[in-house]
Amino acid sequence: MDFIQTTIQLTPNDATAREILIAQLSQLGYDSFMETDTGLEAYIPSENYRPLNSGNLSFLASPLYRFTISSKKMENTNWNKEWEENYFKPVVIANQCLIRSPFHKPPFQKVPYHILIQPQMSFGTGHHETTTLMIKNLLELELKDMEVLDMGCGTGILGILASLMGATHITAIDIDHWATDNAKENIKLNHLSNITVAQGDASLLSKTNPVNIILANINRNILLRDMPYYNTVLKNNGYVLLSGFYKDDFEKLNAMANSLGWEHISSKEQNNWMALSYRKK
C-alpha cells in the first residue's frame, strides 16, 4: 500500500499542540505518527489523502501557533525497515533496561530488564526524554506485588516494565485505539498475561480498583485535569510518577499535587523535559 507522509512544523513545538494535531488527523484517516524536533510526521494511505487546510483541520486556524506543512508520497514502504534505519535503535536506560524491536540483531547488552517493542509508528519506544525519565523513576521503586495504573499507555512500555519488575497487575489506559492495539501486541510479544488494556480516559477510573502506583506520561493540561481522578484510586502511601511536560510547568503541577496531599519525592530533567515523583500521604 502507498502512503503519504505529511510533515507539520510547529512554532512553538509543544506537547499540547502535537496531541491536538494527532487527535484531529486521526479523524481524517491518518493512522501513524512520529514526534520530531520541529513538530510531527503523520502517515495516511494515499487513497485517503486530502491536502490539509483550516477547513478540514480546524487547529490550523489557531492564532497561538505557526504551521509549515509539506507532503510526499512514500511508495511500498517497509515500515520495519524504515524504523530500523531511521527511527528506532536499541536503547539502554540506566544500565538496567534494554528496549529493542524484533528486527534488531544481537549482541545485546545484558541488563535485568529486556523489553521488546513493535512500534507501529506509535510513541513510547524509550527514545523520547519523557519515556526515559519515567523509566528511570520507575526503576527506583519496589514493584513486587504492587497494583499499577498506566495512564496514556502508548506502546505499553511502562506497564511492561512494571510487570517485569514484579507488579501483580497493571491496568493500561489510552484514549487512542492505535495505542491500545499496539500495547496489546507488545504485551503479547513480551509473553505477559497480567496487563489489562482499555481504550478511554480518566472517566474509566470510576470502575478501577485501588492501585499502589500510577504512571502518567501525558501532557500538562491533561495531568492537571486528571490528577484529582488519580487521587481517588491511589492507595495511601502509593506513588504517582508524572511526565510529558516541560520544567516550566513544574509550579502548576506541584501546586495541584500539594492540594491533593501528595508528598514531592523527586524531580528529574532532560533537555527541558521533566518527570516528577510523588507519594500520597
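These notes cover the structure that comes with them. Owing to the predicted nature of the structure, the values given are computational and were not obtained by experimental measurement. (Residues numbered from 1 in each chain as written. Predicted model: local features only at pLDDT ≥ 70, side-chain atom pairs only at ≥ 80, totals over all residues. Heavy atoms only, no water.)

A short note on the overall build of the protein chain
Part 1 of the argument: Broken down by element type, the protein chain carries seven helices and 14 strands.
Part 2 of the argument: Scaling as 2.2 N^0.38, a compact globule of 281 residues should have a C-alpha radius of gyration of about 19 Å, and the protein chain matches this with 19 Å.
Part 3 of the argument: With respect to the three principal axes, the spread of C-alpha positions in the protein chain is 50 × 45 × 35 Å.
Part 4 of the argument: Counting all 281 residues of the protein chain, 54% fall into the buried class.
Part 5 of the argument: Pairs at least 24 apart in sequence give 66% of the contacts found in the protein chain among residues at least 6 apart.
Part 6 of the argument: Counting only carbon and sulfur atoms, one obtains 48% of the accessible surface of the protein chain, whose full area is about 13100 Å².
Part 7 of the argument: Of the side chains in the protein chain, 24 bear a positive and 29 a negative charge, and the two mean positions are spaced by 3 Å. (Helix = DSSP H or I, 4+ residues; strand = E, 2+ residues; numbered from the N terminus. Rg over C-alpha atoms; globule rule 2.2 N^0.38 Å. Buried < 20%, exposed > 50% of the residue type's maximum accessible area, 1.4 Å probe, protein only. Contact = heavy atoms within 4.5 Å. Areas by Shrake-Rupley, 256 points an atom, 1.4 Å probe, with all protein chains shown as cover. Lys, Arg positive; Asp, Glu negative; His and termini not counted. Charge placed at Lys NZ, Arg CZ, Asp CG, Glu CD.)

A word on the sheet that holds strand S11 (residues 211-217)
Part 1 of the argument: Reading across the sheet, the seven strands line up as S10-S9-S8-S11-S12-S14-S13 and stay open at both edges, with mixed pairing between neighbours. For this open sheet the edge positions go to strand S10 (195-199) and strand S13 (262-270), each flanked by a neighbour on one side alone. Across this sheet, the average inter-strand angle for adjacent strands is 15°, counted without regard to direction.
Part 2 of the argument: Of the pairings in the sheet, the one linking strand S8 (residues 147-151) to strand S9 (residues 169-174) comprises five bridges and is parallel in character. Looking at the pairing, Val148 lines up with Ile170 of S9. (Pairing = 2+ DSSP bridges. Axes fitted to C-alpha atoms, helices over the stretch in contact; angles between N-to-C directions.)

From the geometry alone we can't say anything about function, so treat these as descriptive.
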